[in-house]
There are 4 protein chains.
Amino acid sequence: MSAKSAKARIGVLGASGYTGSELVRLLLRHPKVEIALLTADRRAGQAMRDVYPQFSPFTLPRLVAIEDVDWTRAGLDLVFGALPHATTQKVIAAMFAAAPDLKVVDLSADFRLADPAAYTRWYGGEHHALHLQGEAVYGLVEVYRDAIRQARLVANPGCYTTCAQLALLPLIRKQAIALDDIVIDAKSGMTGAGRAAKETMLFSEVSEGFHAYGVGHHRHMAELDQEFSRAAGRDVIVSFTPHLLPMNRGILSTIYVRANEREGAEALHAILGEAYGEEPFVHVLPFGEMPQTRHVRGSNMTFIGVAKDRAAGRAIIGSALDNLVKGASGQSVQNMNLMLGFPETLGLEQVALFP
Amino acid sequence: MSAKSAKARIGVLGASGYTGSELVRLLLRHPKVEIALLTADRRAGQAMRDVYPQFSPFTLPRLVAIEDVDWTRAGLDLVFGALPHATTQKVIAAMFAAAPDLKVVDLSADFRLADPAAYTRWYGGEHHALHLQGEAVYGLVEVYRDAIRQARLVANPGCYTTCAQLALLPLIRKQAIALDDIVIDAKSGMTGAGRAAKETMLFSEVSEGFHAYGVGHHRHMAELDQEFSRAAGRDVIVSFTPHLLPMNRGILSTIYVRANEREGAEALHAILGEAYGEEPFVHVLPFGEMPQTRHVRGSNMTFIGVAKDRAAGRAIIGSALDNLVKGASGQSVQNMNLMLGFPETLGLEQVALFP
Amino acid sequence: MSAKSAKARIGVLGASGYTGSELVRLLLRHPKVEIALLTADRRAGQAMRDVYPQFSPFTLPRLVAIEDVDWTRAGLDLVFGALPHATTQKVIAAMFAAAPDLKVVDLSADFRLADPAAYTRWYGGEHHALHLQGEAVYGLVEVYRDAIRQARLVANPGCYTTCAQLALLPLIRKQAIALDDIVIDAKSGMTGAGRAAKETMLFSEVSEGFHAYGVGHHRHMAELDQEFSRAAGRDVIVSFTPHLLPMNRGILSTIYVRANEREGAEALHAILGEAYGEEPFVHVLPFGEMPQTRHVRGSNMTFIGVAKDRAAGRAIIGSALDNLVKGASGQSVQNMNLMLGFPETLGLEQVALFP
Amino acid sequence: MSAKSAKARIGVLGASGYTGSELVRLLLRHPKVEIALLTADRRAGQAMRDVYPQFSPFTLPRLVAIEDVDWTRAGLDLVFGALPHATTQKVIAAMFAAAPDLKVVDLSADFRLADPAAYTRWYGGEHHALHLQGEAVYGLVEVYRDAIRQARLVANPGCYTTCAQLALLPLIRKQAIALDDIVIDAKSGMTGAGRAAKETMLFSEVSEGFHAYGVGHHRHMAELDQEFSRAAGRDVIVSFTPHLLPMNRGILSTIYVRANEREGAEALHAILGEAYGEEPFVHVLPFGEMPQTRHVRGSNMTFIGVAKDRAAGRAIIGSALDNLVKGASGQSVQNMNLMLGFPETLGLEQVALFP
């Protein structure tokens, strides 16, 4: 931590997007950090309150352009990257070149895939920071906690993939379900699509309607493939279909699996209960109860439920989280806490806002 | 048709519910019918405008209690039943006893299941009009059109089941998909839950959130079992999970299937295209395009799309309709048109209301 | 009407916006017209279904660029202008130059203000078709019906202004209210803001929130000033504040007035009832009842209510309409019906879609 | 504070309503209190998680019926009343009889009106705890801070009235506006209507629509009359119209006033800025900027804006707060902090949740 201050000095790159503003919301009330840098290229020179009026009562650094930051003199302890993919790798490579001791939690997709070929296949371009791609630790805390503590660069997982992995990884690891018969039907609130001004994201296009998108070829599949295959020790290819909900926050994944065990759904429930008994941010509901996104809104919590399907051995698993918190900024603060040696739950204790 | 009038005289039982008011919306502009009777037991004596102010500018019969209707003298040609199940069978049995020439389109679940044992198993009580249960024709127009033309009593299908059947029946009939591996993930707007004053249906409980319900044991499964098994010539048990969307109208079913054909998803698309080429109210989108509920809102249209999944032979099918129109009242008017010898599309030509 | 066809041939300029698509929705089912031309510069070459999938089942002309239209040979009877202001005046001037017999209903603001100075003051530029500005008839049907029947160019009123004028004009004309003490607090659904891709109109910016905009200087004030002053025979300047509602369709104006009459609110209610007794699209509710936007959704109806305030002589008036129908495209079809000699209500009989 | 514990022991009466659950959300993270009692008559015996699943991960006392509470032995320091009016006065009278040293913050309307006649006129019944009505301090912190510190019983203000009073009281006190010409057009999210299962509050009745209610006779007027008249030193009767927004949280009041000062709107802005310069929970925006409800959502903040109207001397004031926080439970915790000698902002530092 910086010698100049009792609090860690934190930067947020891309503070004008929703994951950026959510980071500011959380960091403003985190007792061990100080927001020392906010960047937003198109809004450089403006106050954060001009971009997000909810911060009007607070004192925050003025927005600057990334190219105007002097990483050597910035005196930062840790930086959150909330920039688009591709841009991210260049910015972070330059940053580490100037300030190799900095720590980074990156919320883009740039460092999530360990395999450069997979990156190129799914994101359609060469990776420009291969050495960092190798160094990066995948930031799903419940799985990689120890590695994260030692990491300089953590790749914060995607929102859909956090939701699905938390529900499935313990079952895959225990070989409790058929690996070729997994269907993940995922539904996300609109904040998951970001703040870019696109016609398809206008209120009147989204409100009072529902649809699937990216059917058969959504980029989050790459991350699921990597982590499910790692856990299984063989290739796992799931069916995954994302949908957009006419609401702001929340992802619910409804997952259809076939249990290997005789006991069926109850056995799966027991495995999840055991896996997450001590986890502060994953809560397994009583058997047969299904999670609702509204009950985790604004919090860093994931709710998981398991129910029996009609056909013998089949089970239905529900997994719900707030895509901006546990699905993005909250989990990245959880990563920061580990990397800076703070208690893991610090600044993340908010109770869900319902209604 | 009644000798007294050039227009058919129509009654709506249960006009204070959403399917009742939707019937009134459609029938008011139907050129061949006259709304002659509206019942609503708890609101008897009131004007329809007191219950639904949108009808304020129109002249409509005052609401009456069912027990005050004299079926012999009412001079009706056809009655829509929009009453709760169980109540319905008694009312319709009494009505036919008094006026055997009346025709009925029933929107409840009471006459959808041909097997009395299935009815008792799913609805938890004996059926009190077994003779009518046998007589009733299942009102999925695209399948039973000819029988409906001759029927006295038509059981209008459920909203979820219409949506799923239209997408799957042609594929099952052609033996084009694996029957033991069908997953139907269904999402419905709140009007599907009706107008009963329940805490779980309050705006603040529903808005800005999403959840599954009836997991593993929703009553619409009985109807799917019956019709899919009829079409397949063997028992078919699908995985079916309904969810509630924070919006008013629309059902989208995302359906995961495994094609038997070599050709995979494209072959399924071709079968559906052929099945519905001449249908006025089922529209198959170009291959790879997925339907959105907003594009059928307020209309009697069903939009169906087919896309390829990643795993070989797997396909994802989307099916969207307005639960109050093609999923309920619109389809029941379509049934009425057939039963009274009108053109099938009469009064159902509304273009979807988007945005 | 065109000799070539029993139906009037209609063009829609700017079919890719919401008022454009709403025109297509209405015209598709209008028994006396045929959609012969659809323009959309940025989408030229595409099918209407690519821009609005709800039209997928229908046959419609392909979208063309305005500059590619040969007005002399197009053989149109009437054209709807659904283009931005400023652009509109040039397009329509050119069109009339080529085809002087064409009729036009313009939905932009370009021909609503009779005073060129007022236009320049509010819209910040010189008017480029002053001769047409003079010729144009203001298309508030309930006020200018006779002039509209004879007009070649009708300026369709704004959505906010239609809503407020229908509630206030009869009262101003009868000198029934204090002219210097009128407060109009107006709230509109998001479709009123159009389909332009702006950050402030994204779902996540709009949903679950409410705010005023254009406070003290909204352009619709110019139209209100003009029409209220005409009706009063002296200058009238109202307080007018627009707000954005987290919903798609509907405007509600809550209007605070001081009655000149002794009788107060009841007298105002009587004046409105008398003024609109025969009007097909303005419905005055019983005294004390207030309108709701949902009860006019999708219809061409305006609902008006009057209630007594606590302070003696003060009254509160509510006025509700669907901004895309009576507030824009529906009213423009009403104008077309008059201009082409059709019954005024033709194609506008849709009953409101609630819920 | 209780000698038995380092933390104050707190009870919440009526924990199953929305203000009750919001209290639990805030108190769970308040560092100086412990939730020791939760009552909910109809849900007695259940766990709080059965009523509000978002509390599933937390340990909370089981819900009990009020009549089963032994106030003498409960060992509580302070109780929040979140019960319906009329019921409240009896419960609190009985509680004080058994435990006279207890402190109470009451969120009902029962102790807000100092005048028994006004209570009877507006609430239609005799008051059954007149002695307490006299003792109660009105809990608008920014006005009655000192009295609240000494109070045993504080009447927490209503949501609409907090919003309007914070905007108007400094102006009335300074005689800066015309007192007979105040129009308050107020709009509230649905949580303000509570959790009672009523047809008018169903999602499908509320979504995608907007309307006024209680026009000319809403009960919150009584509270406004009392406090505005107190501040003015003469009777003040405002025009006040509440509306329901299709969203969960937030009140926006748009207020139309006539400035007495020459300077007009700017002078009003200066008075408000000065009044609230040191207040932690009232934030005056730069002149001309208007507040949005979304920017205070979930926080205890009130945002106030002032803009110039067109007519000379007229101004438009916007005031926004979260009806469940500053408009109810948050303000009641603010009262508790004062009554128990804690820092006023403790447990209320949440930053608004947007989007």
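As the structure is a prediction and not an experimental result, all values here were calculated from the model. (Residues numbered from 1 in each chain as written. Chains lettered and ligands numbered in written order. Predicted model: local features only at pLDDT ≥ 70, side-chain atom pairs only at ≥ 80, totals over all residues.)

**Remarks on the overall build of chain A**
What counts is decided by this rule: To qualify as a helix, a DSSP run of H or I must reach at least 4 residues; to qualify as a strand, a run of E must reach at least 2; elements of each kind are numbered from the N terminus. Comment: burial labels come from other C-beta atoms within 10 Å of the residue's own C-beta, placed from the backbone, where a count of 20 or more is buried, 12 or fewer is exposed, and between is partly exposed. By definition, residue pairs are in contact when their C-beta atoms, positioned from the backbone, come within 7 Å.
Regarding its fold elements, chain A presents 11 helices and 14 strands. In chain A, which comprises 355 residues, the share counted as buried stands at 61%. Within chain A, counting contacts between residues at least 6 apart in sequence, those at least 24 apart form 72% of the total.

**Topic: the domain arrangement of chain A**
Residue and element names in this part refer to chain A. What counts is decided by this rule: Start and end positions for the domains come from either an automated domain assignment or a database one. Three categories are distinguished: nonpolar for Ala, Val, Leu, Ile, Met, Phe, Trp, Tyr, Cys and Pro, charged for Asp, Glu, Lys and Arg, and polar for the others, with Gly belonging to the last.
Splitting chain A by domain gives domain 1 (8-135) and domain 2 (160-323). Listed per partner, the contact involves nine residues of domain 1 and seven residues of domain 2. The biggest single contributor to the side of domain 1 that touches domain 2 is helix 4 (residues 116-123), with three residues. In terms of residue class, the side of domain 1 that touches domain 2 is built from seven nonpolar, one polar and one charged.

**Considering the nonpolar core**
Stated formally: A set of buried residues qualifies as a nonpolar core if it consists of Ala, Val, Leu, Ile, Met, Phe, Trp, Tyr and Cys joined through C-beta atoms within 7 Å.
Among the nonpolar cores identified, the biggest contains 500 residues, and A:Leu268, B:Leu268, C:Leu268 and D:Leu268 are the most heavily contacted of them. For D:Leu268, the residues in contact, after removing those within four places along its chain, are D:Leu171, D:Ala176, D:Ile177, D:Ala259, D:Val306 and D:Ala315.

**Topic: the relation of the copies chain A and chain D**
Rules: Least-squares fitting of one copy onto the other uses the C-alpha atoms of those residues that reach a pLDDT of at least 70 in both copies.
It takes a turn of 180 degrees to lay chain A on chain D, together with a shift of 0.0 Å along the axis; the resulting RMSD is 0.0 Å. Both chain copies can therefore be described as sitting about a two-fold axis. Interface residue correspondence from chain A to chain D reaches 100%, placing this contact among same-surface, isologous pairings.

**Quick notes on the interface of chain A and chain D**
With 24 residues of chain A at the contact, the number on the chain D side is 24 residues. For the side of chain A that touches chain D, the per-class residue count stands at 12 nonpolar, eight polar and four charged.

**Digging into the relation of the copies chain D and chain C**
Of the transformation superimposing chain D on chain C, the axial component is 0.0 Å and the angular component is 180 degrees, with the fit at an RMSD of 0.0 Å. Take the interface residues of chain D: 100% of them recur as interface residues in chain C, which is what a same-surface contact looks like.

**Observations concerning the interface of chain D and chain C**
Counting from both sides, the interface comprises 36 residues of chain D and, opposite them, 36 residues of chain C. Sorting the residues of the side of chain D that touches chain C by element identifies strand 7 (183-188), helix 8 (203-206), strand 8 (211-212), strand 9 (239-244), strand 10 (251-258), strand 12 (302-308) and strand 13 (314-321) of chain D as the ones contributing at least two each. A per-class count over the side of chain D that touches chain C returns 15 nonpolar, 12 polar and nine charged.

**Notes on the packing of helix 1 (residues 18-28) of chain B against helix 11 (residues 325-339) of chain B**
Residues and elements named next belong to chain B. Where we set the bar: Interaxial angles span 0 to 180 degrees and are taken between N-to-C directions of axes, which are lines fitted to C-alpha atoms, for helices over the stretch in contact. Small angles under 35 degrees read as roughly parallel and large ones over 145 as roughly antiparallel, with 65 to 115 read as roughly perpendicular and the rest as oblique. Note on convention: near helix rotated counterclockwise from far helix by under a right angle means a left-handed crossing. Clockwise means right-handed.
In contact at an axis separation of 9 Å, helix 1 and helix 11 are set at 50 degrees when each is read in the N-to-C sense. Judged by the angle between their axes, helix 1 and helix 11 are oblique. Considering only the axes of helix 1 and helix 11, their crossing is right-handed. Contacts between helix 1 and helix 11 pair Thr19, Glu22, Leu23 and Leu26 from the former with Val325, Ala328, Ser329, Gly330, Ser332 and Val333 from the latter. In terms of residue class, the contact of helix 1 with helix 11 is built from five nonpolar, four polar and one charged.

**A short note on the sheet that holds strand 9 (residues 211-212) of chain A**
Residues and elements named next belong to chain A. We apply this condition: Should DSSP find at least two bridges between two strands, the strands are taken to pair.
Pairing within the open sheet is mixed, and its seven strands lie in the order 9-10-8-11-14-13-12. Two strands in the sheet have a free side with no partner beyond their single neighbour: strand 9 and strand 12 (282-284). Sheet analysis places strand 8 (residues 183-188) next to strand 11 (residues 251-258), joined by six bridges and oriented antiparallel. Residue pairing for strand 11: Lys187 is matched across the bridge by Leu252.

**With respect to the environment of B:Phe342**
Mapped onto the fold, B:Phe342 is located in the segment after helix 11. A C-alpha to C-alpha distance of 8.0 Å links B:Phe342 and B:Lys32, two positions 310 residues apart in sequence.

**With respect to the confidence of the model for chain A**
Rules: Within a predicted model, pLDDT stands for the predictor's per-residue confidence, ranging from 0 to 100.
Per-residue confidence for chain A averages 96 on the pLDDT scale, and 99% of its residues sit at or above 70. Under the prediction, the complex receives an ipTM of 0.96, its pTM being 0.97.

**Remarks on the sheet that holds strand 4 (residues 103-106) of chain C**
Residues and elements named next belong to chain C. Within the open sheet, the six strands sit side by side as 2-1-3-4-6-5. Their pairing is parallel. Strands at the two margins of the open sheet, each flanked by one partner only, are strand 2 (33-39) and strand 5 (137-138). Sheet topology note: the strand 5/strand 6 (residues 153-155) ladder contains two bridges and is parallel. Bridged to Tyr138 within strand 6 is Ala155.

**Quick word on the pairing of strand 10 (residues 239-244) of chain A**
With six of its six residues buried, strand 10 of chain A lies for the most part within the structure. Neither face of strand 10 of chain A is open: one carries A:Ser239, A:Thr241 and A:His243, the other A:Phe240, A:Pro242 and A:Leu244, and all of them are buried.

**What to know about helix 9 (residues 220-232) of chain C**
Residue and element names in this part refer to chain C. Definition in use: To estimate the expected span of a helix, subtract one from its residue number and multiply by 1.5 Å.
Here helix 9 is 13 residues long and its end C-alpha atoms lie 18 Å apart, about the 18 Å a rise of 1.5 Å per residue gives. All buried positions along helix 9 are accounted for by His220, Met221, Ala222, Glu223, Leu224, Asp225, Glu227, Phe228 and Ala231. Along its buried surface, helix 9 packs onto helix 4 (116-123), helix 7 (159-173) and strand 9 (239-244).

**Let's talk about the environment of D:Cys163**
Positionally, D:Cys163 belongs in helix 7 (residues 159-173). In this structure, the C-alpha to C-alpha distance between D:Cys163 and D:Gly318, residues 155 residues apart in sequence, is 9.3 Å.

**Side note on the packing of helix 7 (residues 159-173) of chain B against helix 9 (residues 220-232) of chain B**
Residue and element names in this part refer to chain B. Here helix 7 crosses helix 9 at 20 degrees, and the two axes come no closer than 10 Å. As summarised for this structure, helix 7 and helix 9 are arranged roughly parallel, according to the angle between their axes. With respect to the hand of their crossing, helix 7 and helix 9 are arranged in right-handed fashion. On helix 9, the residues that touch Tyr160, Thr161, Ala164, Gln165, Leu168, Leu169, Ile172 and Arg173 of helix 7 are His220, Glu223, Leu224, Glu227, Phe228, Ala231 and Ala232.

**Thoughts on unusual backbone geometry**
Of all residues except glycine, most have a negative phi; of all peptide bonds, most are trans. Residue A:Phe354 is joined to A:Pro355 through a cis peptide bond whose omega torsion reads 0 degrees. Its place among the elements puts A:Pro355 in the segment after helix 11 (325-339). In this structure, A:Glu208 is a non-glycine residue whose phi angle is positive, near 55 degrees. Along the chain, A:Glu208 turns up in the loop between helix 8 (203-206) and strand 9. Judged by C-beta crowding, with 25 C-beta atoms within 10 Å, A:Glu208 ranks as buried. One non-glycine residue, D:Ala86, adopts positive backbone phi at about 75 degrees. By the secondary structure assignment, D:Ala86 is in the loop between strand 3 (78-81) and helix 3 (87-98).

**As for helix 3 (residues 87-98) of chain A**
Note: α-helices contain 3.6 residues per turn, so residues at a spacing of three or four share the same orientation. Residues and elements named next belong to chain A. Cut-off, in case you're wondering: Note: the arc covers the axis-to-C-beta directions of the helix.
Helix length check: helix 3 (12 residues) gives 17 Å between terminal C-alpha atoms against 16 Å at 1.5 Å per residue, within 8%. Taken residue by residue, helix 3 has Thr88, Gln89, Val91, Ile92, Met95 and Phe96 as its buried positions. Burial along helix 3 is one-sided: seen end-on, the buried residues are contained in an arc of 165 degrees. Contact partners of the buried residues in helix 3: strand 1 (8-13), strand 4 (78-81), strand 5 (103-106) and helix 5 (130-135).

**Observations concerning the environment of C:Ala196**
All names here are of chain C. Relative to the helices and strands, Ala196 resides in the loop between strand 7 (183-188) and helix 8 (203-206). Owing to 11 C-beta atoms within 10 Å, Ala196 belongs among the exposed residues under this scheme. Spatially, the C-alpha atom of Ala196 lies 8.3 Å from that of Gly17, the residues being 179 residues apart in sequence.

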